[in-house]
Amino acid sequence: MNTGNHNLMQVEGALPQDSTYTEAIAVAGVDGDGRVDLILENYEQGDQLLRNAGNGAFKEVRGALTVSGLKKKYMDNRSW
């Protein structure tokens, strides 16, 4: 977590724990709340959307990472 004074600190339990092998991470705000969320590209498993909870932790949003699912749940016809 960014402490606001040019330092980062580790937050235990901030990310969901699993045995997924992640190949790439995209950082973007996908739900319009002003916080950056994480999209994980996973090897041989489904990709994941981790929504920023605003308290230093991220929560997995299951089933959101399809083109129509992401648009329906988070885009609401907003333009990039």
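Quick caveat, the model's predicted, so the values are computed rather than measured.

About the criteria used
Throughout this document, residue positions are counted from 1 along each chain, in the order its sequence is written. The predicted nature of this model means local features are confined to residues of pLDDT at least 70 and side-chain atom pairs, given and counted, to a pLDDT of 80 or more, with totals for whole chains, interfaces and linings taken over all residues. Excluded from the side-chain calculation are hydrogens and water; included are all heavy atoms of the structure. A 1.4 Å probe rolled over the protein chains alone gives each residue an accessible area, and that area as a share of the maximum for its type sets the label: buried under 20%, exposed over 50%, partly exposed in between. Numbered from the N terminus, helices here are DSSP runs of H or I no shorter than four residues, and strands are runs of E no shorter than two. In this analysis, strands are considered paired if DSSP registers two or more bridges between them. Angular values range over 0 to 180 degrees, each being the angle between N-to-C directions of two axes fitted as lines to C-alpha atoms, with helices fitted over their stretch in contact. A patch consists of residues whose relative accessible area exceeds 30% and which take part in no salt bridge; residues with like charges are grouped when within 9 Å of each other, and nonpolar side chains (Val, Leu, Ile, Met, Phe, Trp, Tyr) when within 5 Å. Only the protein chains shown count as cover for residues, and the accessible areas themselves come from Shrake-Rupley with a 1.4 Å probe. Whenever Lys or Arg places a side-chain nitrogen within 4 Å of a carboxyl oxygen from Asp or Glu, that contact is recorded as a salt bridge.

Trainee: Give me the lowdown on the pairing of strand β3 (residues 48–52), citing residues and values where you can.
Mentor: Most of β3 sits inside the fold, with four of its five residues counted as buried. Pairing geometry for strand β2 (residues 37–42) and β3, over three bridges, is antiparallel. Within β3, the residue paired with L38 across the bridge is L50. The hairpin turn running from β2 into β3, its antiparallel successor, is five residues long, and E44 in that turn takes a positive phi close to 55°. Hairpin connection from β3 to strand β4 (residues 58–61): five residues lie between these consecutive antiparallel strands, with G54 at a positive phi of about 85°.

Trainee: Can you lay out the sheet that holds β4 for me, pointing to particular residues and giving the numbers?
Mentor: Read from one edge to the other, the open sheet built from four strands follows the order β1-β2-β3-β4, with strand pairing classed as antiparallel. Among the strands making up the open sheet, the edge pair consists of β1 (22–28) and β4. Taking each pair of neighbouring strands and ignoring which way they run, the sheet shows an average axis angle of 25°. Two strands pair when backbone bridges link them, and β1 and β2 are joined in this way by six bridges, in the antiparallel orientation. When the sheet's bridge partners are listed, A26 is paired in β2 with I39.

Trainee: A description of a nonpolar patch on the surface should follow, citing residues and the corresponding values.
Mentor: A contiguous nonpolar surface patch, about 280 Å² in accessible area, is contributed by I25, V27 and V36. The class for V27 is exposed, based on a relative accessible area of 55%.

Trainee: Give me the environment of G56: which residues, what numbers.
Mentor: Within the fold, G56 resides in the loop between β3 and β4. What makes G56 buried here is its relative accessible area of 18%. For G56 and M9, which are 47 residues apart along the polypeptide, the C-alpha to C-alpha distance reads 9.9 Å.

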